Amino acid sequence: MTDTVIDVEALCKSFKTTKVLSGVDFQVQRGEIFALLGSNGAGKTTTIKILSTLLQPDSGSASVCGFDVVRDPKKVRECISLTGQFTAVDGLLTGRENLRMIARLRGVMDVNRTADTLLARFGLTTAANRRVNTYSGGMARRLDIAMSLVGTPAVLFLDEPTTGLDPEARLEVWQTVRDLAGGGTTILLTTQHLEEAEQLADKIAILHGGQLIAEGTLSELKKLFPPAKVEYIEKQPSLEEIFLAIVGGKVGK
Amino acid sequence: MKVIRDTGILFTRSMYHIFRSPDTILTVAITPVAIMLLFVYVFGGAIQTGEGNYVNYLLPGILLIAIASGISYTAVRLFSDVQTGFFQRMHSMPIARSSVLWGHVLTSLFSNALSVTLIVLVAFLMGFRPAAGVLQWLAVVGILALFTLALTWVAVIPGLCAKTAEGAGVFSYPLIFLPFISSAFVPTASMPTAVRIFAEHQPVTSIVDTVRSLLLSQPVGNGIWVALAWCLGIAAVAYFFAMRVYRRFF
Ligand SMILES: Nc1ncnc2c1ncn2[C@@H]1O[C@H](COP(=O)(O)OP(=O)(O)OP(=O)(O)O)[C@@H](O)[C@H]1O
Ligand SMILES: [Mg+2]
């Protein structure tokens, strides 16, 4: 089943003197995890802002769920959810109140259950009734992602979702993303963490100089480079493996 | 309707903010109360207003000062929502866009009403004795609400454009000063001609005089229409520019 959910064609965007996007094209199919990579300032956030109707493109077109982001922004907003690059939570409300507010705004039927389920999923149950400005950065970020999942949107934009998260929380987010994609949610994420793209993404695109200079599955991208040399080396555990072995089992602080 | 529902949800959210940081209400009330104490107990004896009870004369101007300083918090709350990305989150959601602003506007009306009530209670303790009936009280509430609404839309503009929280709040200082050059503290007749002309033609004088007449159950004359025209005029112009800024930035 090929079913294009995000369709971007010849997208261009400049800010005053800086040309950020100059002709970006890509498609994302239903249930796919699409990772957008690129150096700082490459235009990843700009692309996501255009797709989530926060910014108008200069030219080209972009549609989400079949609706044009410029002509039909309301319809687009009905099927998307955004976790921006910077955590956007209400510090004076508790974690639970933040989730309930979003659930009410999205017209979710069972506000309390939605909040409780998400709090549990992101290991925030014990912190649920604390004001968010007492949370650690990573906890606030987890709440931020949880807030984007309220109301099970069809398309999820995650702008560097795991930056600042500890390895366990990151694995938790990865698992959530996989589960959502398995359930048919389409996910566009950006990351600086290349392992994240390797682990998660069905398709990877690299944004550079305003254009996508490479796009494809991981194995397609690997074919662009000379075949890997075979070398025999002793396999040392990575620091991540050590960290997880030591703190393992203590999920949900 | 969706706008009303969403505005209600966002208003409830801001109410949590207000009740969790009640200092914003107290701070807004304290300075006007201090000015009131100062004028009644220090300068009051030397001021001739033709009204025996100086608290009765003074209170309307004090309330306007409170509102003018209260709306700086409206600007700061808006600024903080822009800054933290809360606006961005709201704008990517399927909600009625204008509810994001209206939530703040209602909050402004409500929090200023709290400060004003607090000051009126203090005034009662200091000997404020109004003669107004129910209708006159309603008219007073209406005019003060309209004045708050007008200044709130003024506050939206720096709230959306400011680069720092201080910058968002600072615009209210000249507004706080306006009542001093009006009939709020002394009758304009005692002022030098140039100052008097300014005082008699700026909005605060007509609003203060109208509110005072209503509270003391005296005839308001044409002044009430001038006061209403000022409030509605400021509200309309500020609303127009605030919406322009809003559309430009978001
Ligand atoms: N509102 C704006 N006004 C002016 N320039 C902007 C604006 N937003 C972004 N830019 C510029 O556009 C370019 C791309 O920014 P963008 O945030 O999309 O990059 P990014 O790929 O997300 O980078 P990072 O990895 O650092 O998050 C940068 O050069 C940035 O300075
Ligand atoms: Mg970015």
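Above: the structure in question.
Residues numbered from 1 in each chain as written. Chains lettered and ligands numbered in written order. Predicted model: local features only at pLDDT ≥ 70, side-chain atom pairs only at ≥ 80, totals over all residues.

**Here's the deal with the overall build of chain A**
Turning to step 1, where the next piece is worked out: Within chain A, the secondary structure is distributed over nine helices and ten strands.
Turning to step 2, where the next piece is worked out: In terms of C-alpha radius of gyration, chain A reaches 19 Å, essentially the compact-globule figure of 18 Å for 253 residues.
Turning to step 3, where the next piece is worked out: For the C-alpha atoms alone, the extent of chain A along its principal axes is close to 55 × 50 × 40 Å.
Turning to step 4, where the next piece is worked out: Burial analysis of chain A (253 residues in total) assigns 43% to the buried set.
Turning to step 5, where the next piece is worked out: In chain A, the share of contacts with a sequence separation of at least 24, taken over all contacts with a separation of at least 6, comes to 67%. (Helix = DSSP H or I, 4+ residues; strand = E, 2+ residues; numbered from the N terminus. Rg over C-alpha atoms; globule rule 2.2 N^0.38 Å. Buried ≥ 20, exposed ≤ 12 C-beta atoms within 10 Å, placed from the backbone. Contact = placed C-beta atoms within 7 Å.)

**Regarding the site of ligand 1**
All names here are of chain A.
Turning to step 1, where the next piece is worked out: Every residue close to ligand 1 is listed here: Phe15, Thr18, Val20, Gly38, Asn40, Gly41, Ala42, Gly43, Lys44, Thr45, Thr46 and Gln85.
Turning to step 2, where the next piece is worked out: Sort the elements by how many residues they give to the shell around ligand 1 and helix 1 (residues 44-51) lands first, with three residues.
Turning to step 3, where the next piece is worked out: Here the residues of the shell around ligand 1 sort into three nonpolar, eight polar and one charged. (Near = placed C-beta within 6 Å. Nonpolar A, V, L, I, M, F, W, Y, C, P; charged D, E, K, R; others polar.)

**Points about the interface of chain B and chain A**
Turning to step 1, where the next piece is worked out: Residue-level contacts link 16 residues of chain B with 19 residues of chain A.
Turning to step 2, where the next piece is worked out: Every element with two or more residues in the side of chain B that touches chain A is listed here: helix 1 (2-20) and helix 4 (86-91) of chain B.
Turning to step 3, where the next piece is worked out: Ranked by the residues each element gives to the side of chain B that touches chain A, the list is headed by helix 1 of chain B, at six residues.
Turning to step 4, where the next piece is worked out: A breakdown of the residues in the side of chain B that touches chain A according to their chemical character gives six nonpolar, six polar and four charged.

**Re the sheet that holds strand 5 (residues 67-68) of chain A**
Residues and elements named next belong to chain A.
Turning to step 1, where the next piece is worked out: Taken in spatial order, the four strands line up as 2-1-4-5 in an open sheet, and their pairing is antiparallel. Where the open sheet ends on each side, the last strands, each with one partner, are strand 2 (18-29) and strand 5.
Turning to step 2, where the next piece is worked out: Where strand 1 (residues 4-15) meets strand 2, nine bridges bridge the pair, whose relative direction is antiparallel. Bridge pairing in strand 2 links Val8 to Phe26. (Pairing = 2+ DSSP bridges.)

**Focus: helix 4 (residues 111-121) of chain A**
Residue and element names in this part refer to chain A.
Turning to step 1, where the next piece is worked out: Looking only at helix 4, the buried set comprises Thr114, Ala115, Leu118 and Leu119. One side of helix 4 carries all its buried residues, which in axial view fall inside an arc of 125°. Exposed residues pointing more than 90 degrees away from the buried face of helix 4 are listed as Asn112 and Arg113.
Turning to step 2, where the next piece is worked out: Those residues of helix 4 that are buried lie in contact with helix 3 (95-105) and helix 5 (137-149).
Turning to step 3, where the next piece is worked out: Once helix 4 finishes, Gly123 follows within two positions and takes phi at roughly 60°, a positive value. (Arc of directions from axis to C-beta.)

**A look at the environment of Leu109 of chain B**
Residue and element names in this part refer to chain B.
Turning to step 1, where the next piece is worked out: Among the structural elements, Leu109 can be located in helix 5 (residues 98-125).
Turning to step 2, where the next piece is worked out: Residue classification places Leu109 among the partly exposed residues on the basis of 19 C-beta atoms within 10 Å.
Turning to step 3, where the next piece is worked out: Taking the C-alpha atoms as reference, Leu109 lies 9.1 Å from Leu146; in sequence the two are 37 residues apart.
Turning to step 4, where the next piece is worked out: Discounting residues that sit within four places of it in the chain, Leu109 has contacts with Ala145, Thr148, Leu149 and Thr152.

**Quick look at helix 3 (residues 54-83) of chain B**
Residue and element names in this part refer to chain B.
Turning to step 1, where the next piece is worked out: Relative to the 44 Å expected for 30 residues at 1.5 Å per residue, helix 3 spans 44 Å between its end C-alpha atoms, a close match to the ideal helical length.
Turning to step 2, where the next piece is worked out: Burial analysis of helix 3 places 26 of its 30 residues in the buried class, which makes it a mostly covered element.
Turning to step 3, where the next piece is worked out: Downstream of helix 3 by a residue or two, Gly85 has a phi angle that is positive, lying close to 85°. (Expected span 1.5 Å × (residues − 1).)

**Concerning the nonpolar core**
Turning to step 1, where the next piece is worked out: Judged by nonpolar contacts, the single largest core of 126 residues is most densely connected at Ala35 and Leu143 of chain A together with Leu58, Leu64 and Ile67 of chain B.
Turning to step 2, where the next piece is worked out: With 18 residues, the top contributor of residues to this core is helix 3 of chain B. (Core = buried A, V, L, I, M, F, W, Y, C linked by C-beta atoms within 7 Å.)

**Things to note about the sheet that holds strand 9 (residues 203-208) of chain A**
Residues and elements named next belong to chain A.
Turning to step 1, where the next piece is worked out: Read from one edge to the other, the open sheet built from six strands follows the order 6-7-8-3-9-10, with strand pairing classed as mixed. The sheet terminates laterally at strand 6 (80-83) and strand 10 (211-216), the two strands that pair on one side only. Strand-to-strand twist in this sheet, taken as the mean axis angle between neighbours without regard to direction, amounts to 15°.
Turning to step 2, where the next piece is worked out: In this structure, strand 6 lies alongside strand 7 (residues 155-159), joined through four bridges in parallel fashion. Opposite Leu82, over in strand 7, you have Phe157 as the bridge partner.
Turning to step 3, where the next piece is worked out: Contacts from helix 5 reach strand 6 and strand 7, with the element oriented near 175° to strand 6. (Axes fitted to C-alpha atoms, helices over the stretch in contact; angles between N-to-C directions.)

**Considering the packing of helix 3 of chain A against helix 1 of chain B**
Turning to step 1, where the next piece is worked out: In the contact formed by helix 3 of chain A and helix 1 of chain B, the axes pass within 9 Å of each other and the chain directions differ by 165°. One way to sum up the angle between helix 3 of chain A and helix 1 of chain B is to call them roughly antiparallel. Handedness of the helix 3 of chain A/helix 1 of chain B crossing: left-handed. Of the residues in helix 1 of chain B, those in contact with Glu97, Met101, Arg104 and Leu105 of chain A of helix 3 of chain A are Asp6, Ile9, Arg13 and Tyr16 of chain B.
Turning to step 2, where the next piece is worked out: Partitioned by chemical class, the residues of the contact of helix 3 of chain A with helix 1 of chain B number four nonpolar, no polar and four charged. (Parallel < 35°, antiparallel > 145°, perpendicular 65-115°, else oblique. Left-handed = near helix turned anticlockwise from the far one by under 90°.)

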